[in-house]
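# Report on the structure
One letter stands for each residue in the lines below.
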Number of protein chains: 4
Amino acid sequence: MTEKQRKILDTALELFALEGYNSISTKKIAQGAGVSEGLIFKHFGSKEGLLDYLVEEGVELMNRELDTLMQISDASERLRATLRFPKTIIDRNPAYWKVQISIKFANHEIKEKYHNSSFMGKAMGILNDTFDELNFENPQMETQLLMQIIGSFFMALVNDEIENYDEMLSFLEKKYNLK
Amino acid sequence: MTEKQRKILDTALELFALEGYNSISTKKIAQGAGVSEGLIFKHFGSKEGLLDYLVEEGVELMNRELDTLMQISDASERLRATLRFPKTIIDRNPAYWKVQISIKFANHEIKEKYHNSSFMGKAMGILNDTFDELNFENPQMETQLLMQIIGSFFMALVNDEIENYDEMLSFLEKKYNLK
Amino acid sequence: MTEKQRKILDTALELFALEGYNSISTKKIAQGAGVSEGLIFKHFGSKEGLLDYLVEEGVELMNRELDTLMQISDASERLRATLRFPKTIIDRNPAYWKVQISIKFANHEIKEKYHNSSFMGKAMGILNDTFDELNFENPQMETQLLMQIIGSFFMALVNDEIENYDEMLSFLEKKYNLK
Amino acid sequence: MTEKQRKILDTALELFALEGYNSISTKKIAQGAGVSEGLIFKHFGSKEGLLDYLVEEGVELMNRELDTLMQISDASERLRATLRFPKTIIDRNPAYWKVQISIKFANHEIKEKYHNSSFMGKAMGILNDTFDELNFENPQMETQLLMQIIGSFFMALVNDEIENYDEMLSFLEKKYNLK
DNA sequence: AATGAATGAGTTTTCATTCAT
DNA sequence: CATGAATGAAAACTCATTCAT
């Protein structure tokens, strides 16, 4: 990957997140990245091809993060890490995830692309096993509920809509008997 | 409001929901509504004016639904109704809310408009009072968490992403000691 | 048809003929016609839609010219008129046919469109009947040959590649025993 | 000439014939030939340079074919060969002439290039001498007419628009007293 | 000789909006 | 109230061409 290719990706990621895929023109991306508009199409084929590339990158990185999560052997510890997961990975790579996730939630077409992707199933698998190990009464329902909660936290965090996230974490940990 | 005015609003609502505000042209709306493109501008000034009108309508109806919720005197009953709230109002007016809510969640600009609107505060007020009356330990945190959960249910429901919603409700009611 | 619509058609016809369909941009047409580029698409849908319209117009006018030819009752007279046909109709509507025919012969896609069109069959029918009435030995072959000759004259005339057309006509009339 | 150079020429010839010079991009040629786009410009300077090279090649080969025709000493035989000329050379080198000729007739710019080229004059010279030797009354007019006919046969043949070419040849030979 | 990254001007087409009727 | 002709700016994308390696 050439330097300019990377620059295009970074710029697009940032702009898509700020104003949405539909509102950002390829011209703006090119200007932001300091390259010619044509280069975007040379490298990514189309505006949607560029988006695909970004989404794919996000999926792969997310899968790697989930692998890390999965390797925590102690179930309580793993559940605690899961609750902290949104914040953890956003903190580790702030700009990147802010935009990746806001793309995901802001956009119609992308939601589809993401949804078929492996990592949702993987995440549910991890959670289900965890609740199982911890002998929760209804691991399946617990999983489903927590997936919703974590999803909504992801969205809230990238939109800076949560101030007292730490407080919320303590609160949740108590609910899940982790304290 | 003339018949054509109403037709424009209904068509726009549906199309915005299906493909997103940015992807729908005024031409498509006009064709769908069977009116001339000019008429949209005569009545609503601009495409954004049309959107504003729709959002405003949604806010007002939501406020009325919340008023109904608020009038439930028994706190347990009220909390139960709150959990059921997303499904209840969507069932009462399926097409309407499917689109109103999917507009809200799919779109950048609209999110802002909605967010400043009164009903979020009102909803939080109701929830806070309810948890208070029910002597929950930390009403504020409970409120914040349940707002997230309910929000994510709204989104899941309009996208038909939840199959076992009733089971989920039972599960939640148990969590909130309503059973 | 509004005045501007007609202006677009006339300008396009002229420019297509001068430099070929592919080499003329919709921008050039709009500038030449003194209208906005968008108007072309409002009225004709696409650049190809504009071409279709022009071709269709040509087919219809050609059919009408052939009807006139067909109404000549005397066979010798009709054959003489047929030989003169290219020049006759080009003289009657010089600019129009110059471009219509040069479009037809210069362009790949259009050739197809024209070829399926009725007037080729109609022309062959007229010629065949004529040679029949005049008791030519092999009317079918005569028809086929003369169609080729007339076609090549059309092309030569619109490209101003023939100086001594009248001489050529006399020569042909002798060949066909019309003198 | 390197192997890649030849591949470029062959690919371009074929593509130009299929879709026209203007509609074929250098990218398509490069892809079809399995070379980089840059190489086309290295070897031929520009897209038009590539075209020039192709046209020149065609002119030279055509000239050689005409030389062969010219060497037929018997005038009747030569005229017969002339009538068969389009079919003869197309059969001898089918792919090559199909495209060379369809380029010539399909394209504006190329027509000019061809027209100034030597072989048209040479062909007319041969025909004129032939009709002279055969004591036709008006060799010049005969020449002009037959040039048109042969031209139109070339075009018809490359477009597969003639089924009964042999029958047509017999018919013509009779017309020219060759039978 | 050959590649492939890069460009900038150009292409067709879409869009929200205005205005005379 | 309603239409539809008309606009101009901007959209995604293509193209021939250059150049460093």
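The text that follows walks through the structure, step by step, so that each part is easy to find.

### With respect to unusual backbone geometry
- Phi at D160 of chain A is positive, roughly 55°, even though this residue is not glycine.
- Checked against the element boundaries, D160 of chain A lands in the loop between α9 (139-158) and α10 (165-175).
- Here N135 of chain C, not a glycine, exhibits a phi torsion of approximately 60°, which is positive.
- Within the secondary structure, N135 of chain C sits in the loop between α8 (118-133) and α9 (139-158).

### Digging into the protein's contact with DNA strand F
- Looking at DNA strand F, there are 32 residues lining it, with T26 and K47 of chain A together with T26, F41 and K47 of chain D nearest.
- For DNA strand F, the backbone makes up 60% of the atoms found within 4 Å of the protein, where backbone means sugar plus phosphate.
- For DNA strand F, a phosphate oxygen lies 3.2 Å from a polar atom in the side chain of T2 of chain C.
- A distance of 2.7 Å separates a phosphate oxygen of DNA strand F from a polar atom in the backbone of T26 of chain D.
- Put simply, the parts of the chain that give the surface near DNA strand F at least two residues each are α3 (37-44) of chain A, α3 (37-44) of chain B, α3 (37-44) of chain C together with α3 (37-44) of chain D.
- For the surface near DNA strand F, the residue count by class is eight nonpolar, 15 polar and nine charged.

### Points about the environment of T88 of chain C
- When you line up the elements, T88 of chain C lands in helix α5 (residues 75-92).
- For T88 of chain C, a relative accessible area of 35% puts it in the partly exposed group.

### A few points about the interface of chain B and chain A
- The interface of chain B with chain A comprises 32 residues on the first partner and 31 residues on the second.
- Between chain B and chain A, roughly 2700 Å² of surface is buried when both sides are summed, and carbon and sulfur atoms account for 57% of that area.
- For the pair chain B and chain A, the number of links is two salt bridges.
- The closest approach of N and O atoms between E142 of chain A and K175 of chain B, which form a salt bridge, is 3.0 Å.
- Where chain B packs against chain A, one counts six residue pairs in polar contact (both at pLDDT 80 or more).
- Looking at the side of chain B that touches chain A, the elements with two or more residues in it are α1 (3-19), α6 (94-106), α7 (108-115), α9 (139-158) and α10 (165-175) of chain B.
- In terms of residues, the side of chain B that touches chain A owes the most to one element, α9 of chain B, which gives 10 residues.

### Describing the protein's contact with DNA strand E
- With respect to spatial proximity, 31 residues lie near DNA strand E, and among them T26, F41 and K47 of chain B together with F41 and K47 of chain C are the closest.
- Of everything in DNA strand E that lies within 4 Å of the protein, sugar and phosphate atoms constitute 61%.
- A distance of 3.1 Å separates a base nitrogen of DNA strand E from a polar atom in the side chain of K42 of chain A.
- Between DNA strand E and K47 of chain B, the relevant distance is 2.6 Å, taken from a phosphate oxygen to a side-chain nitrogen or oxygen of the residue.
- Among the residues making up the surface near DNA strand E, the classes are represented as eight nonpolar, 14 polar and nine charged.

### Overview of helix α1 (residues 3-19) of chain D
Residues and elements named next belong to chain D.
- Here α1 spans 24 Å end to end across 17 residues, near enough to the 24 Å set by a 1.5 Å rise per residue.
- All of the buried residues along α1 are Q5, I8, L9, T11, A12, L13, L15, F16 and A17.
- Directly after α1, the chain includes G20, whose backbone phi takes a positive value near 95°.

### So, the environment of A12 of chain B
Residues and elements named next belong to chain B.
- For A12, the position within the fold is in helix α1.
- It is 8.2 Å that separates the C-alpha atoms of A12 and L51, two residues lying 39 residues apart in sequence.
- Discounting residues that sit within four places of it in the chain, A12 has contacts with I29, L50 and L54.

### Remarks on the relation of the copies chain B and chain A
- Of the two same-sequence chains, chain B is brought onto chain A (RMSD 0.3 Å, axial shift 0.2 Å) by a rotation of 180°. Taken together, the rotation and translation relating the two chain copies correspond to the operation of a two-fold axis.
- In this assembly, 97% of the residues forming the interface of chain B have copies in chain A that are likewise at the interface, indicating an isologous arrangement.

### Considering the packing of α9 of chain C against helix α9 (residues 139-158) of chain D
- Where α9 of chain C contacts α9 of chain D, the two axes come as close as 9 Å, and the packing angle between them is 100°. As summarised for this structure, α9 of chain C and α9 of chain D are arranged roughly perpendicular, according to the angle between their axes. Contacts from L145, Q148, I149, S152, F153, M155 and A156 of chain C of α9 of chain C reach α9 of chain D at L145, Q148, I149, S152, F153, M155 and A156 of chain D.
- For the contact of α9 of chain C with α9 of chain D, the residue count by class is 10 nonpolar, four polar and no charged.

### A short note on the pattern of salt bridges
- In total, this model carries 40 salt bridges over all chains according to the counting rule given.
- For R78 of chain A, the salt bridge goes to E133 of chain A, with nearest N and O atoms at 3.2 Å. Placement of R78 of chain A in helix α5 (residues 75-92) and of E133 of chain A in helix α8 (residues 118-133) is noted, with a sequence separation of 55 residues between them.
- Since its relative accessible area comes to 7%, R78 of chain A is described here as buried.
- Taking the relative accessible area as the measure of exposure, E133 of chain A reaches 43% and is therefore partly exposed.
- Taking the shortest distance from any N to any O, the salt bridge between R80 of chain C and E77 of chain C comes out at 3.1 Å. With R80 of chain C and E77 of chain C both in helix α5 and three residues apart, this pair spans about one turn of that helix.
- Through salt bridges with shared partners, a single network forms among R6, D10 and E57 of chain A.

Each value, and the rule that gives it
Residues numbered from 1 in each chain as written. Chains lettered and ligands numbered in written order. Predicted model: local features only at pLDDT ≥ 70, side-chain atom pairs only at ≥ 80, totals over all residues. Heavy atoms only, no water. Helix = DSSP H or I, 4+ residues; strand = E, 2+ residues; numbered from the N terminus. Near = heavy atom within 4 Å. Polar contact = N/O pair within 3.5 Å; in protein donor to acceptor, adjacent residues only side chain to side chain. Nonpolar A, V, L, I, M, F, W, Y, C, P; charged D, E, K, R; others polar. Buried < 20%, exposed > 50% of the residue type's maximum accessible area, 1.4 Å probe, protein only. Contact = heavy atoms within 4.5 Å. Buried area = accessible area lost by both parts, 1.4 Å probe. Salt bridge = Lys/Arg side-chain N within 4 Å of Asp/Glu carboxyl O. Expected span 1.5 Å × (residues − 1). Least-squares fit on C-alpha atoms with pLDDT ≥ 70 in both. Axes fitted to C-alpha atoms, helices over the stretch in contact; angles between N-to-C directions. Parallel < 35°, antiparallel > 145°, perpendicular 65-115°, else oblique.

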